[in-house]
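# Chains, contacts and geometry: an overview
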Amino acid sequence: MSEQKIIAVVGATGAQGGGLARAILADRDGGFAVRAITRNTGSAKARALADLGAEVVAADLDDEAALRAAFEGAYGAFVVTNFWEQRSEDEARTRTAAQMELAQAGNAARAAKAAGVRHVVWSTLEDTRPFFGLGGERVPTLDDGTYTVPHFDAKAEADDIFREAGVPTTFLRTSLNFDAFLTMMAPRRDEQGALVLALAMGDATMSGIASEDVGRTAYGILRRGGDLIGRTISVAGDHLTGEGYAAAMSKAFGEPVTYYAQPFEQLRQFSVETANMFQYYAENEKEFVGARDLSRARELNPELQSFEAWLAAHADAVPRG
């Protein structure tokens, strides 16, 4: 048997990276091996990956030298940053979450280039600023007028960091994670005890994907070899309206779930970032959904889950308070 190609997986104990790591480890004859990169090699998730056959190494996205060492000898790498990572007040004062993502992407790009990684898959998103503009007329701006949806825009900005560093990269654009229905997007009971799913989507269609399917799709890209280098691949597991998401929940829960089309301004009272994101989904529906061909995604990831399939496995974990 020929020597296996090492894939260095940043965030291997997280949702996206974990999906990739497990996909490689499950494919015993695929010709690839996992180098799981994590800050805490002693965590339960890291030990579980080691038990499955992964090489587990310590590195931090804020440490370029450690990343380079972790990338040495690897054929490919998967890079994902976490805008929503819990940070201390001191860390938040030092730099914004968007600045953190840009710095970490830069560290990863330079480390991959220096280590001679032959194929990087970068988990990214669209830039919302060309759609909204930065004048503040359509949506409020954030980070001193720099961004409209920072966790989208900073990732898109980081795309050029990989290009300018000369890193052979495939840009994997994701969609809203179905996992959000386990937390902030879970249905709530109204005063009569009925379940209501509130989404600021009007009657527009929203693309979603299981986070582990992002990793599985990354594996499909890496298996294709170099023909997808330089390409942007946009993925989703399903395209549903708010009514469609509620109907799927009704079927999975065995009780009615009513869709409430939450106004953008109502959501904006709680989170400008989140409201701007949903407004982008809703108003840019044709382009965003149109870029995410489900059949093409399924070619790269035959196990791609629809929302109904994801719910079948996770319905019991969806809060219904």
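Above this text is the structure in question.
The text that follows walks through the structure, step by step, so that each part is easy to find.

Rules used in this analysis
Here, residues in each chain are numbered from 1, in the same order as that chain's written sequence. Totals for whole chains, interfaces and linings use every residue, but because this is a predicted model, local features are given only for residues with pLDDT of at least 70 and side-chain atom pairs only at 80 or more, for both listing and counting. Hydrogens and water molecules were not included; the side-chain quantities draw on all heavy atoms of the structure. Only DSSP runs of H or I covering at least 4 residues are called helices, and only runs of E covering at least 2 are called strands; the numbering of each starts at the N terminus. The quantity called the radius of gyration is restricted to C-alpha atoms. Its globule counterpart is 2.2 Å times the number of residues to the power 0.38. For each residue, the accessible area found with a 1.4 Å probe, counting protein chains only, is set against the maximum for its type, and the residue is called buried under 20%, exposed over 50%, and partly exposed in between. Every residue pair with non-hydrogen atoms within 4.5 Å of one another is taken to be in contact. Throughout, the Shrake-Rupley method with a 1.4 Å probe supplies accessible areas, and for residues the shown protein chains are the sole cover considered. Lines fitted to the C-alpha atoms define the axes, with helices restricted to the stretch that makes contact. Angles between their N-to-C directions range from 0 to 180 degrees. These descriptions rest on fixed angle ranges, namely under 35 degrees for roughly parallel, over 145 for roughly antiparallel, 65 to 115 for roughly perpendicular, and the rest for oblique. When the near helix sits turned anticlockwise from the far one by under a right angle, the crossing is termed left-handed; a clockwise turn instead gives a right-handed crossing. When DSSP finds two or more bridges between two strands, those strands count as paired. Only the six-membered ring of Trp is used, alongside the rings of Phe and Tyr, when aromatic pairs are assigned; centres must lie within 6.5 Å, and planes under 30 degrees apart are stacked while those over 60 apart are edge-to-face, with the rest tilted. Over a ring means this: the NZ of a Lys or the CZ of an Arg is within 6 Å of the ring centre and within 35 degrees of the ring normal.

Glancing now at the overall build of the chain. Looking only at helices and strands, one finds 14 helices and 13 strands in the chain. Here the C-alpha atoms of the chain give a radius of gyration of 20 Å, agreeing with the 20 Å that 2.2 N^0.38 yields for 321 residues. If one aligns the C-alpha atoms of the chain with their principal axes, the spans along those axes are about 60 × 45 × 35 Å. For the chain, buried positions account for 51% of its 321 residues. Taking the intrachain contacts of the chain between residues at least 6 apart in sequence as the baseline, contacts between residues at least 24 apart amount to 77%. As displayed, the chain offers around 14,200 Å² of accessible surface, 48% of which is attributable to carbon and sulfur atoms.

Close contact between helix α1 (residues 15-26) and helix α8 (residues 211-223) brings their axes to 6 Å; oriented N to C, the two are set at 50 degrees. When the axes of α1 and α8 are compared, the pair comes out oblique. Between α1 and α8 lies a crossing of right-handed hand. In contact with A15, Q16, G19, L20, R22, A23 and I24 of α1, α8 contributes S211, E212, V214, G215, R216, A218, Y219 and L222.

A word on the side chain of N301. Its place among the elements puts N301 in the loop between α13 (294-300) and α14 (307-314). Beyond its immediate sequence surroundings of up to four residues, N301 is in contact with D213, R216 and T217.

Take the sheet that holds strand β10 (residues 205-209) next. Reading across from one edge, β7-β10-β12 is the order of the three strands in this open sheet, with mixed pairing throughout. In this open sheet, the two edge strands, each paired with only one partner strand, are β7 (176-177) and β12 (238-241). Bridging between β10 and β12 involves four bridges; their strand directions are antiparallel. Pairing of S207 across the sheet is with H239, part of β12.

Okay, the side chain of T124 next. Examined against the element boundaries, T124 turns out to sit in strand β5 (residues 119-124). Since its relative accessible area comes to 1%, T124 is described here as buried. Those residues in contact with T124 that sit more than four places away from it in its chain are K155, A156, D159, F171, L172, R173 and T174.

The subject of this paragraph is the packing of aromatic side chains. One pass over the structure, following the stated rule, counts 18 aromatic pairs. Between F32 and Y75, the ring centres sit 6.3 Å apart and the planes meet at 50 degrees, which makes this aromatic pair tilted. One end of the pair, F32, is in strand β2 (residues 32-38); the other, Y75, is in the loop between α3 (64-71) and β4 (76-79), with 43 residues separating them in the sequence. When sorted by exposure, F32 lands in the same class as Y75, which is buried. Within the aromatic cluster, the residues linked to one another by ring pairs are F131, F132, F152, F278, Y280, Y281 and F288. The ring centre of Y75 lies 4.5 Å from the NZ or CZ of K5, which sits over that ring.

With a phi close to 55 degrees, D143 is a non-glycine residue in the positive phi region. With respect to the helices and strands, the residue D143 is situated in the loop between α6 (129-132) and α7 (150-164). Although it is not a glycine, D144 adopts a positive phi angle of roughly 60 degrees. Residue D144 is classed as exposed on the basis of its relative accessible area of 85%.

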